[in-house]
Amino acid sequence: MFIQPSAHSSRTPFLSLISLQRKPVLEHRVGEITNPQKLTAMAFMSEVNMSFSHYMDDEYEKLFRRMNPPRVVIDNEACKNATVIRVDSANKHGILLEVVQILTDLNLIITKAYISSDGGWFMDVFNVTGQDGNKVTDEAILDYIRKSLGPESCVTSRIRSVGVEQTMDHTVIELMGSDRPGLLSEVSAVLTNLKCNIVNAEVWTHNTRAAAVMHVTDEETGSAITDPKRLSIVKELLCNVLGGGNKKRGAKTVVTDEVTHTERRLHQMMFADRDYERDSDDGFDEKQRPNVNVVNWSDNDYSVVTIQCKDRPKLLFDTVCTLTDMEYVVFHANIDAEGPEAYQEYYIKHIDGSPVKSDAERQRVIQCLAAAIERRVSDGLKLELCTTDRVGLLSDVTRIFRENSLTVTRAEVSTKGGKAVNTFYVRGASGFPVDLKTIESIRQTIGNTILKVKGSPSEMKSVPQDSPSRSLFSGLFKSRSFVNFGLVKSYS
């Protein structure tokens, strides 16, 4: 709603004042600029003007959101087997990702969705369930959704930037390099030797590349590491570990105190590393790849993206995250994930308003979306470790995996209330299914109550005692007992 001022009013309208204030402060012709001091002053004033412009942009967005507050309706009666969440809001780039991220972070399953954001308004309808497949009835969760997406979200001190916050509780380490067996074990061992405690971590592997975001604290203080010299040593040693693989593609280590949404950051890191590019002879089974297609709808200047693949948790977040980071805007979408197969249909344009322009761009969109889906595929046997947290725990556990020829394909490490809950997806040597006897041996070493098998039995196989894979590696390593780590005593 826009209020037109009276023709007799002596006051400048607020919106007009914003546009006046945002005009360039300095308007000199190039021929008039000769004094170096003037150039310095102009550069300074230009920076001030840009900062003011960004500030005014934020103020305008806050004003617009206050005049058009978002509305959230949660209905547990409209659908027989799902909770229906309707979100109406002023439209802005990235808002779809923001909504999907909030629902996904609550571990809700999105079974259906309809999205429309053509014009200045954003309208979404989501059918969601809990992990148990039932409607969401927990009032605490429902209230959180209302506060996070409703009117209260636009009157906070800042407009939420998706997944970004500042913290001094821990230091964030981002790792990118070539994947190889034992990499996680080596990285965690380096951090342990440097007296860094890994409190949270997520590790993804895809297309011979590995990415990790780790939250570490100082072993003595339990807080973030602030010594620049020590951080420089951490970075240097981790780069050495990551650089030990493929020499054709580099390794990268970033240490920061700025925390982004971990899963989104992993997508961004692997996208920047071009993990979506595959060699023609990589041996990957084409039948296992998601079916992604992109066609142009010339009548409406949209590009239509369709995705068909096996459904899994957080699939919608992964695809929306990738489209957003590739600077595409979703104008309409239909999502159906009620069965074992998921179907997603997006009507998109680039942020500049154009559809996909070339076959090369079309292929890139297809490759990037397929990679985003594949990165989180749970490849391997799922193992869950739950025990009292301590410094070096991850290093000890992953070393035992390595010594028993297990490769970690994905890992989630979390610590809460002094308890460590770590989830690993592992495969055997050369990518083969895990040997049942190997898993039982590892569980006896660590403790059957500490390490539990959560994966499908199909990921395990019984191998004879004289198996070539066992005889090949059995003499190379000698596992140390977890008695030395003080774990068996507490749980036996």
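The structure displayed is predicted, hence computed values, not measured ones.

### Quick notes on the overall build of the protein chain
Helix and strand counts for the protein chain stand at 13 helices and 20 strands. Within the span of the protein chain, comprising 492 residues, buried residues form 43% of the whole. In the protein chain, the share of contacts with a sequence separation of at least 24, taken over all contacts with a separation of at least 6, comes to 73%. When the accessible area of the protein chain is evaluated, it comes to approximately 26,100 Å², of which 52% is carbon and sulfur surface.

### Describing the nonpolar core
Core analysis: the largest hydrophobic core is formed by 52 residues, its most contacted members being Leu 103, Phe 126 and Tyr 346. Discounting residues that sit within four places of it in the chain, Tyr 346 has contacts with Ser 303, Val 304, Val 305, Ile 307, Leu 316, Thr 319, Val 320, Leu 323, Val 330, His 332, Ala 333 and Ile 335. Ranked by size, the runner-up nonpolar core spans 42 residues in total, among them Ile 173, Ile 198, Ala 212 and Leu 451.

### Focus on the sheet that holds strand 14 (residues 341-350)
Pairing within the open sheet is antiparallel, and its eight strands lie in the order 1-2-4-3-13-14-12-11. Each edge of the open sheet carries a strand with a single partner, namely strand 1 (71-75) and strand 11 (291-297). Here the average twist between neighbouring strands, direction ignored, is 20°. Here eight bridges tie strand 13 (residues 328-336) to strand 14, and the two strands are oriented antiparallel to one another.

### A short note on the packing of aromatic side chains
Tallied over the entire structure, the rule returns six aromatic pairs. With centroids separated by 5.6 Å and ring planes inclined at 45°, the aromatic side chains of Tyr 302 and Phe 331 adopt a geometry described as tilted. Highlighted residues: Tyr 302 in strand 12 (residues 302-310) and Phe 331 in strand 13, separated in sequence by 29 residues. Residue class for Tyr 302 comes out buried when judged on its relative accessible area of 5%.

### Structural notes on the packing of helix 8 (residues 315-325) against helix 9 (residues 359-375)
The angle between the axes and the distance between the axes are what describe a pair of packed helices. Where helix 8 meets helix 9, the axes come as close as 9 Å, and the angle between the chain directions of the two elements is 145°. Both helix 8 and helix 9 take part in a crossing whose hand is right-handed. Contacts between helix 8 and helix 9 involve Leu 315, Asp 318, Thr 319, Thr 322 and Leu 323 from the first element and Cys 368, Leu 369, Ala 372 and Ile 373 from the second.

### Concerning the pattern of salt bridges
Between side chains of opposite charge, a pair can form as their charged atoms come close. Tallying each qualifying case throughout the model produces 23 salt bridges. Between Asp 218 and Arg 230 there is a salt bridge; the shortest N-O distance is 2.1 Å. Of this pair, Asp 218 sits in strand 8 (residues 209-218) while Arg 230 sits in helix 6 (residues 228-242); the two residues are twelve residues apart in sequence, bridging distant segments of the chain. Across the pair Asp 396 and Arg 390 runs a salt bridge, and its minimum N-O distance is 2.6 Å. Overall, Asp 396 belongs to the buried group, its relative accessible area being 12%. Using a relative accessible area of 21% as the deciding quantity, one classes Arg 390 as partly exposed. Taken together, the shared-partner salt bridges connect Glu 263, Arg 312, Lys 314, Asp 318 and Arg 376 into one network.

### Here's the deal with the confidence of the model for the protein chain
Averaged over the protein chain, the pLDDT score is 79; the fraction of residues at 70 or greater is 72%. Below a pLDDT of 50 lies the segment residues 1-34, which in the model reaches 26 contacts outside its immediate sequence neighbourhood of four places, other chains included. Every residue in residues 155-166 scores below 50 in pLDDT, and together they form 28 contacts with partners more than four places removed in sequence or on other chains.

### So, the sheet that holds strand 7 (residues 196-206)
Spatial strand order, 9-6-8-7-16-17-15-19: eight strands in an open sheet with antiparallel pairing. Each edge of the open sheet is held by one strand with a lone partner, namely strand 9 (252-256) and strand 19 (451-453). If you compare each strand with its neighbour and ignore which way they point, the axes differ by 20° on average. Examined bridge by bridge, strand 15 (residues 381-388) and strand 17 (residues 419-427) share eight bridges and lie antiparallel to one another.

### Considering helix 9
Two residues of an α-helix separated by three or four positions point the same way, owing to the 3.6 residues in each turn. The first and last C-alpha atoms of helix 9 sit 24 Å apart over 17 residues, in line with the 24 Å expected at 1.5 Å per residue. The complete set of buried residues in helix 9 reads Val 365, Ile 366, Cys 368, Leu 369, Ala 370, Ala 371, Ala 372, Ile 373, Glu 374 and Arg 375.

### Details of the environment of Asn 240
Among the structural elements, Asn 240 can be located in helix 6. For Asn 240 and Lys 252, which are twelve residues apart along the polypeptide, the C-alpha to C-alpha distance reads 9.8 Å.

### Quick look at the packing of helix 5 (residues 183-193) against helix 6
The geometry of helix 5 relative to helix 6 is characterised by a closest axis approach of 10 Å and an angle of 160° between their N-to-C directions. With respect to helix 6, the element helix 5 is oriented roughly antiparallel. Helix 6 is crossed by helix 5, and the crossing has right-handed handedness. Note on element contacts: helix 6 touches helix 5 through Val 234, Leu 237, Leu 238, Val 241 and Leu 242, opposite Leu 183, Glu 186, Val 187, Val 190 and Leu 191. Along the lines of polarity and charge, the residues of the contact of helix 5 with helix 6 split into nine nonpolar, no polar and one charged.

### Examining the pairing of strand 14
Across the ten residues that make up strand 14, a large majority, eight, are buried. With eight bridges joining them, strand 12 and strand 14 adopt antiparallel strand pairing. Its bridge partner being in strand 14, Gln 308 is matched across the sheet by Tyr 343.

### Topic: the side chain of Thr 398
Looking at where Thr 398 falls in the secondary structure, it is placed in helix 10 (residues 393-403). Ignoring sequence-local partners within four residues, the contact set of Thr 398 consists of Leu 184, Ser 185, Ser 188 and Phe 424.

### Focus on the pairing of strand 12
Pairing of strand 11 with strand 12, which is carried by seven bridges, proceeds in the antiparallel orientation. Bridge pairing links Val 292 to Ile 307 in strand 12. Linkage of strand 11 to strand 12, two consecutive antiparallel strands, is achieved through a turn of four residues, within which Asp 301 is found at a positive phi near 60°.

Rules behind the numbers
Residues numbered from 1 in each chain as written. Predicted model: local features only at pLDDT ≥ 70, side-chain atom pairs only at ≥ 80, totals over all residues. Heavy atoms only, no water. Helix = DSSP H or I, 4+ residues; strand = E, 2+ residues; numbered from the N terminus. Buried < 20%, exposed > 50% of the residue type's maximum accessible area, 1.4 Å probe, protein only. Contact = heavy atoms within 4.5 Å. Areas by Shrake-Rupley, 256 points an atom, 1.4 Å probe, with all protein chains shown as cover. Core = buried A, V, L, I, M, F, W, Y, C linked by side-chain atoms within 4.5 Å. Pairing = 2+ DSSP bridges. Axes fitted to C-alpha atoms, helices over the stretch in contact; angles between N-to-C directions. Phe/Tyr/Trp six-rings, centres within 6.5 Å; stacked < 30°, edge-to-face > 60°. Left-handed = near helix turned anticlockwise from the far one by under 90°. Salt bridge = Lys/Arg side-chain N within 4 Å of Asp/Glu carboxyl O. pLDDT = per-residue confidence, 0-100. Expected span 1.5 Å × (residues − 1). Parallel < 35°, antiparallel > 145°, perpendicular 65-115°, else oblique. Nonpolar A, V, L, I, M, F, W, Y, C, P; charged D, E, K, R; others polar.

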